[in-house]
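Residue-level structural notes
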Protein chains: 2
Amino acid sequence: MVETSHPGNIGAAARAMKTMCLYDLGLVLPKQFPDPVAFARASGAADILENARQFNTLADAVADCQNVVGITARNRKLSAPVVTPKELMQQMLYGSQEIQVAWVFGRERNGLSNEEIDLCSTVCTIPSNSDYGSLNIAAAVQILCYEWHVAQLNMQHEASRKSASQGKALAPVAEREGFYEHLWQALDKIEFLDKDNPTPLMRKMRRLFDRSQMSSADINILRGILKNFLKQ
Amino acid sequence: MVETSHPGNIGAAARAMKTMCLYDLGLVLPKQFPDPVAFARASGAADILENARQFNTLADAVADCQNVVGITARNRKLSAPVVTPKELMQQMLYGSQEIQVAWVFGRERNGLSNEEIDLCSTVCTIPSNSDYGSLNIAAAVQILCYEWHVAQLNMQHEASRKSASQGKALAPVAEREGFYEHLWQALDKIEFLDKDNPTPLMRKMRRLFDRSQMSSADINILRGILKNFLKQ
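So, how was this worked out
- Residues numbered from 1 in each chain as written.
- Chains lettered and ligands numbered in written order.
- Predicted model: local features only at pLDDT ≥ 70, side-chain atom pairs only at ≥ 80, totals over all residues.
- Heavy atoms only, no water.
- Helix = DSSP H or I, 4+ residues; strand = E, 2+ residues; numbered from the N terminus.
- Rg over C-alpha atoms; globule rule 2.2 N^0.38 Å.
- Buried < 20%, exposed > 50% of the residue type's maximum accessible area, 1.4 Å probe, protein only.
- Contact = heavy atoms within 4.5 Å.
- Areas by Shrake-Rupley, 256 points an atom, 1.4 Å probe, with all protein chains shown as cover.
- 1 Å grid on protein atoms, 1.4 Å probe; cavity = no way out; pocket = protein on both sides within 12 Å on 5 of 7 lines; lining within 4 Å.
- Points joined across faces, edges and corners; volume = space filled by probe spheres on them.
- Nonpolar A, V, L, I, M, F, W, Y, C, P; charged D, E, K, R; others polar.
- Domains from an automatic or database assignment.
- Pairing = 2+ DSSP bridges.
- Buried area = accessible area lost by both parts, 1.4 Å probe.
- Salt bridge = Lys/Arg side-chain N within 4 Å of Asp/Glu carboxyl O.
- Polar contact = N/O pair within 3.5 Å; in protein donor to acceptor, adjacent residues only side chain to side chain.

1. Concerning the overall build of chain A
Counting secondary structure elements, chain A contains 10 helices and 6 strands. Over its C-alpha atoms chain A spans a radius of gyration of 27 Å, topping by over 25% the 17 Å that the globule rule assigns to 232 residues. Principal-axis analysis of the C-alpha atoms gives chain A an extent of 90 × 35 × 35 Å. The burial tally for chain A puts 47% of its 232 residues in the buried class. In chain A, once contacts between residues fewer than 6 apart in sequence are set aside, the share between residues at least 24 apart is 81%. Working note: accessible area of chain A is about 12000 Å², and carbon and sulfur atoms make up 50% of it.

Shown next, in the form of structure tokens:
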């Protein structure tokens, strides 16, 4: 958080972070900190305030980070790519896990300076009312932390769901290949495959059937059809 | 908001609402309202505070609503179905548009009473840290309002994307039906369709091919195959 004016916002941000399992708070020249108002608003997240690191410049604060994300209100003219919080979390979760990421929140009144934005490799803007997009800084922290937490939960669900059920639903590759071999024989019998260049049609057929996510049962039916046909 | 203790939280909730294009705030027996602290925290959302309606009971506040959603911390034993904010927005957006929905936020210290929960047809819990899930009430309002705004934006995007491109990709129903007719003829020729009960197989085939989202070009190829086969 860069040059935060109100200690209450620092406390509220700490609480927002802790509710979503984020703990590492950096403060660049806070106007008033430590402060009892910050601790009151932090409620049960005093530990985050106690462990908060303070810096004299944003450059110092993000020195050990490989990805610096500026959180800005919209309608700024920026050269960096602008993403939504959901897009940001996808990048973070499905990108390299070894990267240190900093989210940079600007001043209550006037956000981040152009020089500070220049330090950012990504800019993230929270979708909001075009007539009144002025989110409280701690509310913005809450949304980002929430999206991070939800994205992580989703990734965990997805991973366990995949390992539990996908094997059952989708036919194994060997069965799919067996079906395609059978299909080529049938197409050959009716002289539908171009002998000199069968690949384009075969590729189209593969794409079409692969999209339908065939189960083993589906393949059994299809091969039954092909078998009956080839007997004729 | 039910019996909110701190006027600052009412102001912060009003600001959170307005940033996400929600405007209708109801207050059940607020401890201290109207109050200058509420207006200070509302920032540019004073209009929402000025128009806020006050009630003596939650039942009065939600009297004109068809869907009442209690926002609660987790780990309560509840009979009502519990959804996440994202699930709630899907229900709201893809359910009937004519329904008045109330989101009910409880007291800062002890949330909603069991009697108040009984008034709710749905319960929504914000995913959070299992060791410290204590979101500030205005922060919870911010998350719900944000999810609503984002869900609406997504629905709009989806609608415009669909109308722009889907027509091109998916074959029209009449072409799909033509293909299926052709397929039944072929299956009939090889005596693969059970004359007494052809429907189960036909239904399976429809599901399989529908899942593959056939384009007109796909259907032309498939019908070419069937035509060659039927000529034999």
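2. Some details on the environment of Asp 196 of chain B
Residue and element names in this part refer to chain B. Among the structural elements, Asp 196 can be located in the loop between helix H8 (173-189) and helix H9 (199-211). When its relative accessible area of 76% is taken as the criterion, Asp 196 is described as exposed. Through-space distance from the C-alpha of Asp 196 to that of Leu 25 is 62 Å; in sequence the pair is 171 residues apart.

3. Quick word on empty space enclosed by the protein
Going through the model one piece at a time under the given rule, you end up with 1 cavity of 30 Å³ or more. Taken as a whole, the largest cavity holds about 370 Å³ of empty space. Lining the largest cavity are 22 residues, with Leu 183, Ile 225 and Leu 226 of chain A together with Ile 225 and Leu 226 of chain B positioned closest to its centre. Elements that contribute at least two residues to the lining of the largest cavity include exactly helix H8 (173-189), helix H9 (199-211) and helix H10 (216-231) of chain A together with H8, H9 and helix H10 (216-231) of chain B. Of the residues contributing to the lining of the largest cavity, the split by class is 22 nonpolar, no polar and no charged.

4. Regarding the domain arrangement of chain A
Many analyses report the size of an interface as the accessible area lost when the parts associate. Each domain of chain A was delimited in the assignment, giving domain 1 (7-162) and domain 2 (173-231). For domain 1 of chain A and domain 2 of chain A, the distance between their C-alpha centroids amounts to 52 Å.

5. Considerations on the pairing of strand E5 (residues 101-105) of chain B
Residue and element names in this part refer to chain B. For E5, the buried fraction is high: 4 of the 5 residues fall into the buried class. Both strand E3 (residues 67-71) and E5 contribute to a ladder of 5 bridges, which runs parallel. Each residue of the ladder has a partner; that of Asn 67, found in E5, is Val 101.

6. Regarding the interface of chain B and chain A
Each partner contributes to the interface: chain B provides 52 residues, whereas chain A provides 52 residues. For the pair chain B and chain A, the two sides together bury roughly 4300 Å², of which 65% comes from carbon and sulfur. Contact with chain A buries area across many residues of chain B, yet Arg 15, Tyr 132 and Tyr 146 of chain B alone supply 15% of it, more than any other trio. For the pair chain B and chain A, the number of links is 2 salt bridges. Measuring nitrogen to oxygen at the nearest pair gives 3.4 Å for the salt bridge that ties Glu 147 of chain B to Lys 86 of chain A. Viewed at the interface, chain A and chain B are joined by 22 residue pairs in polar contact (both at pLDDT 80 or more). Among the elements that take part in the side of chain B that touches chain A, helix H7 (residues 137-169) of chain B stands out by supplying 8 residues, more than any other. Here the side of chain B that touches chain A is composed, by residue class, of 27 nonpolar, 15 polar and 10 charged.

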